[in-house]
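# A look at the structure
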Amino acid sequence: MPLSKRAFAEFIGTFWLVFGGCGSAVLAAGFPVLGIGFVGVSLAFGLTVMTMAFAIGQVSGCHLNPAVSVGLVAGKRFPVSELPAYVIAQVLGGIAGSAVLYTIAKGKEGFSLAGGFASNGYAEHSPGGYNLAACLTAEVVLTFMFLMIILGATDLRAPKGFAPIAIGLGLTLIHLIGSPVTNLSVNPARSTGPAVFVGGWALEQLWLFWVAPIVGAAVAGVVYSVFATEPEPQVREQMAAKA
């Protein structure tokens, strides 16, 4: 599959993740009486990843996240030469998803970007008022665990066909933990999309939501490759033949 087609798949997938996940937060989380709250938003993010993993996993691997791509490079699952194309496609997809969401959201009287537009933040912009150190720790640790789930679920020795479910539920769980802390990122593309529209504080704090997820993902890639080395190429071929 040409890199251009795989990158386009990443664009579409990240568009859906940001539009679906952030859209649930902006449009439905606080809806009068029937708002879905943190639980609903967490499920929305998990479902976007799970559905796209089934839809484009066979095309691009369904990274949808610069941190995931970096973690897979660190774990020797993805060539570093293709990393820039994936990251650019993911960021553009996140911005496009936010653009469509903004177009819809501003159609309601009284809408304002001052509400945050599902942006990630720390200190006074943390939903629960958590300080920088707490938010940094949460983003690093939760991204680390997310990559461990991804690496384990996609290991050649893992049960076949269940990776999208494990990864989607993993992201749901991570959001249930981290949403009150930072609105949860673990994904620089997801953070960049809304921040471009909010500007100001969201762009000023965006550095954290690039640095922390990438650090957590890179560490996970190294750790998983140490204690769960994949089979030699010839064994890999035999396993593939039996699948």
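Worth saying up front: this structure is predicted, and the values here are computed from it rather than measured. (Residues numbered from 1 in each chain as written. Predicted model: local features only at pLDDT ≥ 70, side-chain atom pairs only at ≥ 80, totals over all residues. Heavy atoms only, no water.)

## Concerning the packing of aromatic side chains
- Enumeration over the complete set of coordinates arrives at ten aromatic pairs.
- Through successive ring pairs, a cluster of aromatic residues spans Y102, F111, F117 and F197. (Phe/Tyr/Trp six-rings, centres within 6.5 Å; stacked < 30°, edge-to-face > 60°.)

## Side note on the packing of helix α1 (residues 3–28) against helix α7 (residues 188–198)
- Between α1 and α7, the shortest axis-to-axis distance is 10 Å and the interhelical angle comes to 65 degrees. As for the relative orientation of α1 and α7, their crossing is right-handed in sense. Of α7, the residues touching α1 (which contributes T14, L17, V18 and C22) are A189, R190 and P194.
- Among the residues forming the contact of α1 with α7, the class breakdown is five nonpolar, one polar and one charged. (Axes fitted to C-alpha atoms, helices over the stretch in contact; angles between N-to-C directions. Helix = DSSP H or I, 4+ residues; strand = E, 2+ residues; numbered from the N terminus. Left-handed = near helix turned anticlockwise from the far one by under 90°. Contact = heavy atoms within 4.5 Å. Nonpolar A, V, L, I, M, F, W, Y, C, P; charged D, E, K, R; others polar.)

## Some words on the nonpolar core
- Judged by nonpolar contacts, the single largest core of 48 residues is most densely connected at F146 and I167.
- Put simply, the parts of the chain that give this core at least two residues each are α1, α2 (37–60), α3 (66–74), α4 (83–105), α5 (132–153), α6 (163–182), α7 and α9 (208–227).
- Examining the composition of this core, we find that nine residues originate from one element, α5, more than from any other.
- Excluding residues that lie within four positions of it along the chain, F146 makes contacts with N65, V68, I167, L171 and I174.
- Grouped together as the second largest cluster of nonpolar side chains are five residues, V70, L83, V87 and A189 included. (Core = buried A, V, L, I, M, F, W, Y, C linked by side-chain atoms within 4.5 Å. Buried < 20%, exposed > 50% of the residue type's maximum accessible area, 1.4 Å probe, protein only.)

## Details of the packing of α4 against α7
- Running from amino to carboxyl end, α4 crosses α7 at an angle of 45 degrees, the nearest separation of the two axes being 8 Å. Classified by the interaxial angle, the pair formed by α4 and α7 is oblique. The handedness of the crossing between α4 and α7 is right-handed. In contact with Q90, V91, G94, I95, S98, A99 and Y102 of α4, α7 contributes A189, T192, G193, P194, V196 and F197.
- Here the residues of the contact of α4 with α7 are counted per class, giving eight nonpolar, five polar and no charged. (Parallel < 35°, antiparallel > 145°, perpendicular 65-115°, else oblique.)

## Considerations on α5
- End to end, α5 covers 31 Å across 22 residues, agreeing with the expected 32 Å (1.5 Å per residue, within 8%).
- All of the buried residues along α5 are C135, A138, E139, L142, T143, F146, L147, M148, I150, L151 and A153.
- Of the residues flanking the start of α5, the one acting as N-cap is N131, its side-chain oxygen 3.3 Å from the backbone nitrogen of A133. (Expected span 1.5 Å × (residues − 1). Polar contact = N/O pair within 3.5 Å; in protein donor to acceptor, adjacent residues only side chain to side chain.)

## Regarding the pattern of salt bridges
- Throughout the structure, instances matching the rule amount to two salt bridges.
- A salt bridge links R6 to E82, with the nearest nitrogen and oxygen atoms 2.7 Å apart. You can see R6 sitting in helix α1 and its partner E82 sitting in the loop between α3 and α4, a full 76 residues away along the chain. Of the two residues, R6 and E82, neither departs from the other in class, the shared state being buried.
- One salt bridge in this structure joins D155 and R157, with 2.9 Å as the shortest N-O distance.
- Residue R157 is classed as partly exposed on the basis of its relative accessible area, which comes to 43%. (Salt bridge = Lys/Arg side-chain N within 4 Å of Asp/Glu carboxyl O.)

## Digging into α7
- With nine of its eleven residues buried, α7 lies for the most part within the structure.
- Buried within α7 are the following residues: P188, A189, R190, S191, T192, G193, P194, A195 and V198.
- Where the residues of α7 are buried, they touch α1, α2, α3, α4, α8 (200–204) and α9.
- One side-chain oxygen of the residue at the start of α7 lies 2.9 Å from the amide nitrogen of A189, identifying that residue as N187.
- After α7 finishes, the residue G199 shows a positive phi value of roughly 65 degrees.

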